[in-house]
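Tertiary structure, described
Each chain is listed here by its residues.
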Amino acid sequence: MLCMSSTGDSGGFFLCSCSSVASSKWLDAHYDPVANLYTFSSCIALSDLHGDGENKLVVGDLGTGVCNMKLKVYRGTGLLSESTLLDLPTGLVSFPMDLHEPRTPAIAVASGPFIYVYKNLRPYFKFTLPSLEANPLEQDVWSQAKEDMIDPMTLKEMLEGLRDKAEIPLSVRSLRFLMLEPQEMENFVLLHKEQPIRRQTVITCIGTLKKNMADEDAVSCLVIGTENGDVYILDPEAFTILYKMSLPSTPTLMDVTGQFDVEFRITVACRNGNIYILRRDSPKPKYCIELSSHPVALVRMGKNVVVGCTHETLHGYTQKGKKLWTAYLPAPVTTMALMDLPTRGFQAVLVGLANCEVHVYRDKNLVSTIKTPDVVTSICFGRYGREDGTLIMTTKGGGLIVKILKRTAVFDDRDSASGPPIAQSIRLNVPKKTKLYVDQTLRERENAVAMHRAFQMDLSRLRLAAARAYVKALESSLTPMSASLTEPLKMNAVVQGLGPSFKLTLNIQNTAACRPVMNLAISFLYDENLYSMRTAFFKIPLLVPGLNYPIDTFVECLSDKGISDIIKVFVLREGKSAPLLTAHINMPVSEGIALN
Amino acid sequence: MADDAMKTDVQLPVATDLKKPRPKKAPDLPILERRNWLIHLHYIRKDYETCKAIIKEQLHETQGMCEYAVYVQALIMRLEGKIQQSLELFQSCAILNPKSSDNLKQVARSLFLLGKHKAAIEVYNEAARLNQKDWEISHNLGVCYIYTKDFKSAEEQLNLALQLHKHDLTYMMLGKIHLLQGDTEKAIDVYKSAVEFSPENTELLTTLGLLYMQLGKYQKAFEHLGNSLTYDPNNFKAILAAGSMMQTHGDYDVAMNKYRVAAYSVPESPPLWNNIGMCFFGKKKYVAAISCLKRANYLSPFDWKILYNLGLVHLTMQQYASAFHFLSAAINLRPRMSELYMLLAVTLTNLDDADNGRRSHEQAVLLDESNPLVNLNFAVFLYNQGDKKAALLQFQEMERKVNAQVENNSNTDFDPELVEMAQKLGTALQAGENLYWSKLGKDSKTSQRSSSSKPSSSQQPLGTNQALGQAMSSAAGYSKSMQITSEPEADVSSAPSPPTVTPGEPEDEDEETAEPAKLKEKKSKPRAAAE
């Protein structure tokens, strides 16, 4: 593994280690496949935490997804600090919250209904989402319970009644109560009845919005989206709610631009598959983009919004929701991030794909592809350490990848649509014909009439021969299928054994729809010098339609000369001399005797 | 804060807490929806395994009360093909939250996938009561109505969906309804507005191009197919369609270029190999043509069009015995097509089987309605047999058909070989000089023809030549008519040749050059066109 220096001067060091990928635009600065990070793009930030001009990587790690959630800070290739989080982090942002010197930004971690604000990596403040309005009827019921006016069972019934038709959903407490076993109820009521009813929601996404200045390090407000479809803008110092807006669905992804005091625009992707654009002065969405599939990631590039969708597409929209372009991707999108290099005037979108690639798109044109050892789950591009063009990715397996953009790297903005497809220059695979074929063709040309006549003649003969054979078979009942309408029978025979004794199994089936067949018998005709049979004649039981009747008999081969013969089987009807069915069984050579 | 928060994560069963004597403070209960965002995040990233694990845990914690977890689990199950189970889960979601139209929509969707369209319609209507303005409900209702064959309601619902919000999918369904009702014009209108709304959707462009082709508006068809290929140069349908159009214009090399792209992506398509074969035929590479057609025939042995082409190519190659087999196979598959009988008649004539040849001609004339070529060939046959009277009758019948076509204005561009042959025969029969050929004389080409045609050909050559001419013509006609399944291409940049400008003129030019050359090989001959 390479070690990464946080200063840009040591670029030469990387170059020599990566000479094998000299054509690549990126230097592999660091790859730790076992960094054990489980996180998303929303939980990663680059921030100058200590005000020393060196950017650190701050990661909200989801741990196992149940426990062991951590706030991790990386500096260079090493872990600088690690502190425990109390719940799964939903989002993490770094934001300048005040004007005090030194200007160190704060870290806000959204988790459940809370935002934990850290300054200098120390807990600083905890913000709790305001409670939602509780159902007044529910409150009544609980206050009755509090005064012991109703017993837990009545409480349960009343709450169930409320749940089924209430306009406002029940609080967690009531729902939890309804799940309990009857014997647990009383204790639960005792424990909780003193508390007021609260209904809380959780934060689903978080962003930042400059308060009143456009500077890079201007004081920023927090913007949060909640499970019940509200968007709040919080004052950065007092953590009071400055503005509240509501959406028709739960927000999942958010992008904020502008300044709170002047004009701002919040682009929110929601769980119902729509994107809403909110603006100042309007508590309701101003524009709506209906996508045909769920948005997976959302990035704003200049004035346009780029959305990656589950249908393996990338769409570009204007600020007002007008569709600009669509690009088709080779695999599902996992995450996206903006790649912004203001010094070079270059902006692109990094798209992580499920086929272990990261694509760089400028508008709808693919300008570069990065192969990764694993599926990338989060991407962050920006200044890390003192290096401006750093790409940080975490993988599904928990790895951490850091790449630095080479200063010589150029992204040529070629139009991927131009030029004919490569396949056009591939030769058609036309089957070759041999000399023989050509000769035959010539022969046919010369003798077409004779060939045709000979063919027609032979065809007629063939038909005649077939017809004759058929008639003969019908006449002598030689077929394995009986042609008679009253006794439609089917028979096949199986010979088992090596010799000198063979087992002969005849499978007889009545193929009539419903009528049984009776009074049948079977007899065998064979060369008595060669074979002997215990019973050469027996009666068949009544045949029920559709069933298969196996009839076994044993044949002894008398010859030791290794010869075999045909045994003929006749199915006969009582009182008729012509057989219904005939089968010729070609007996195998008896190997038993031949060996002796 | 730490204290407080610590407890938020405590998920211990409440009962254990209760055992402590009189706890001072009740623990905060975990919020039911607290992991919804995580479930959603994994779901949209298609990380279904992790998603299922989280859902399982969440459902365990909330005892199945977390609506969103159940909802996503049902979605995943549906993706895994367990539609019945997903339906049950969606129904339980609808019980947990009867006010959500989303739940009802999903219930209806599962019903739809199970083929219970009537039940789905009912549930969708219920959902529509909760949410009036949802294009998805209207769209899906429309689709359900299509399956129950209630096209009127379907159209109504789809139009409603389009009013609410425009989606390519809705346009496609609406177009499909019109096509199912056989109303191509209306379908074209729908696709036109769809293309206006979404000009880069190659599927819409291709469909519109094909519809124009069916109506014979080749220029418009070429335009749309060309656009489609600009956005997606690998679009198989558009390549076939555009290629077949180029082929009819004699642009064999450009068509082949396009086919190469298609052959790379779909190497085992019978129509593609058929078209490639006919391209080679047009370029007079007969052996390659037979190879390709035989491959097409191998891939799709019961396709009469391929057999027809094989018969035609073998006829051209003078392999009459083989041609006979392919044509009779085609007739067995497609017993009511006059051109097939005509070709068979020509083959039989060449096989010295005049009796059967005549019967086959009679059958062809019986089945045919508008193709003058059928009658002309019969007339030539009869003339060669010495039956001038019957020949004259057939000749007059041909005149009638030609005049009818001219009157209907459907097609005044007759194949020059047809004209030439008819003129020769007319002279021989001493009929028809005063009739339509003078009318057709208006066509500049015809006059050229007539001048070039030999004064009066002897009777002998007529027969053999005629067969060849026929073969050629039907080749051209064939590739045209059959390609309805497949089609032409119109990459304007790659096809700078005139076809886009005026299909009529240049096309004939090309054919002329192609055909006469061939005929010379065998001796100059007449040729008829199946335009």
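Below is a summary of the structure that appears in this document.

Procedures and definitions
Residues numbered from 1 in each chain as written. Chains lettered and ligands numbered in written order. Predicted model: local features only at pLDDT ≥ 70, side-chain atom pairs only at ≥ 80, totals over all residues. Heavy atoms only, no water. Core = buried A, V, L, I, M, F, W, Y, C linked by side-chain atoms within 4.5 Å. Buried < 20%, exposed > 50% of the residue type's maximum accessible area, 1.4 Å probe, protein only. Contact = heavy atoms within 4.5 Å. Axes fitted to C-alpha atoms, helices over the stretch in contact; angles between N-to-C directions. Helix = DSSP H or I, 4+ residues; strand = E, 2+ residues; numbered from the N terminus. Parallel < 35°, antiparallel > 145°, perpendicular 65-115°, else oblique. Left-handed = near helix turned anticlockwise from the far one by under 90°. Pairing = 2+ DSSP bridges. Expected span 1.5 Å × (residues − 1). Salt bridge = Lys/Arg side-chain N within 4 Å of Asp/Glu carboxyl O. Polar contact = N/O pair within 3.5 Å; in protein donor to acceptor, adjacent residues only side chain to side chain. Nonpolar A, V, L, I, M, F, W, Y, C, P; charged D, E, K, R; others polar. Patch = residues over 30% accessible without salt bridge, like charges linked within 9 Å, V, L, I, M, F, W, Y side chains within 5 Å. Areas by Shrake-Rupley, 256 points an atom, 1.4 Å probe, with all protein chains shown as cover. Phe/Tyr/Trp six-rings, centres within 6.5 Å; stacked < 30°, edge-to-face > 60°.

**Regarding the nonpolar core**
- Judged by nonpolar contacts, the single largest core of 181 residues is most densely connected at A:Leu314, A:Met336, A:Val351, B:Val72 and B:Ile276.
- In this structure A:Met336 touches A:Ser41, A:Ala297, A:Val299, A:Val306, A:Val307, A:Gly308, A:Leu314, A:Val349, A:Leu350 and A:Val351, once residues within four positions along its chain are discounted.

**Section: the packing of helix α21 (residues 338-350) of chain B against helix α22 (residues 354-367) of chain B**
All names here are of chain B.
- One way to put it is that α21 packs onto α22 with a least axis distance of 8 Å and a crossing angle of 165 degrees. As far as their axial angle goes, α22 and α21 are roughly antiparallel. For α21 against α22, the interelement crossing comes out left-handed. Contact residues: α21 offers Ser 338, Tyr 341, Met 342, Leu 344, Ala 345 and Leu 348, while α22 offers Asn 356, Gly 357, Ser 360, His 361, Gln 363, Ala 364 and Leu 367.

**Concerning the sheet that holds strand β6 (residues 91-95) of chain A**
Residues and elements named next belong to chain A.
- As summarised here, the arrangement of the four strands in space is β6-β7-β8-β9, forming an open sheet in which the pairing is antiparallel. Whereas interior strands pair on both sides, the edge strands pair on one side only; in this sheet they are β6 and β9 (122-128). Strand-to-strand twist of the sheet, defined as the mean angle between neighbouring strand axes without regard to direction, takes the value 20 degrees.
- As paired elements, strand β7 (residues 106-111) and strand β8 (residues 114-119) share five bridges and run antiparallel to each other. Residue pairing for β8: Ser 111 is matched across the bridge by Phe 114.

**Here we look at helix α18 (residues 286-299) of chain B**
- Compared with the 20 Å implied by 1.5 Å per residue over 14 residues, the 20 Å span of α18(B) between its first and last C-alpha is a close match.
- Among the residues of α18(B), those classed as buried are B:Tyr286, B:Ala288, B:Ala289, B:Ile290, B:Ser291, B:Cys292, B:Leu293, B:Ala296 and B:Asn297.

**Notes on the pattern of salt bridges**
- For the structure shown, the criterion picks out 35 salt bridges over all chains.
- One salt bridge in this structure joins A:Arg280 and A:Asp281, with 3.7 Å as the shortest N-O distance.
- Assessed through its relative accessible area of 28%, A:Arg280 is described here as partly exposed.
- By sharing partners, the salt bridges in this structure join A:Asp87, B:Arg34, B:Arg35, B:Glu57 and B:Glu61 into a single network.

**Side note on the interface of chain B and chain A**
- On the chain A side, the residues contacting the 78 residues of chain B number 76 residues.
- The interface formed by chain B and chain A holds three salt bridges in total.
- One salt bridge in this structure joins B:Arg34 and A:Asp87, with 3.4 Å as the shortest N-O distance.
- Linking chain B with chain A are 14 residue pairs in polar contact (both at pLDDT 80 or more).
- By residue number, the principal contributor to the side of chain B that touches chain A is helix α3 (residues 36-44) of chain B, which donates eight residues.
- Classifying every residue of the side of chain B that touches chain A gives 42 nonpolar, 17 polar and 19 charged.

**Some thoughts on unusual backbone geometry**
Residues and elements named next belong to chain A.
- Not every positive phi belongs to a glycine, and Asn 36 is a case in point at roughly 60 degrees.
- Inspection of the secondary structure puts Asn 36 in the loop between β1 (26-32) and β2 (44-47).
- On the accessibility criterion, Asn 36 (56% relative accessible area) is exposed.
- Here the phi dihedral of Glu 312 falls at roughly 60 degrees; this positive angle occurs in a residue that is not glycine.
- Its place among the elements puts Glu 312 in the loop between β19 (304-309) and β20 (313-317).

**Section: a nonpolar patch on the surface**
- On the surface, A:Met518, A:Leu542, A:Val544 and A:Leu547 cluster together into a nonpolar patch covering about 330 Å² of accessible area.
- Classification of A:Leu542 as partly exposed rests on a relative accessible area of 39%.

**Points about the packing of aromatic side chains**
- Under the defined criterion, the tally for this structure stands at 18 aromatic pairs over all chains.
- On the basis of an interplanar angle of 45 degrees and a centroid distance of 6.0 Å, the ring pair of B:Tyr43 and B:Tyr48 is categorised as tilted.
- For B:Tyr43, a relative accessible area of 13% gives the class buried.
- Under the relative-accessibility criterion, B:Tyr48 is labelled partly exposed at 24%.
- On the basis of an interplanar angle of 70 degrees and a centroid distance of 5.5 Å, the ring pair of B:Phe112 and B:Tyr147 is categorised as edge-to-face. One end of the pair, B:Phe112, is in helix α7 (residues 101-113); the other, B:Tyr147, is in helix α9 (residues 135-147), and 35 residues separate them in sequence.
- An aromatic cluster of three or more residues is present, and its members are A:Trp142, A:Phe177 and A:Phe188.

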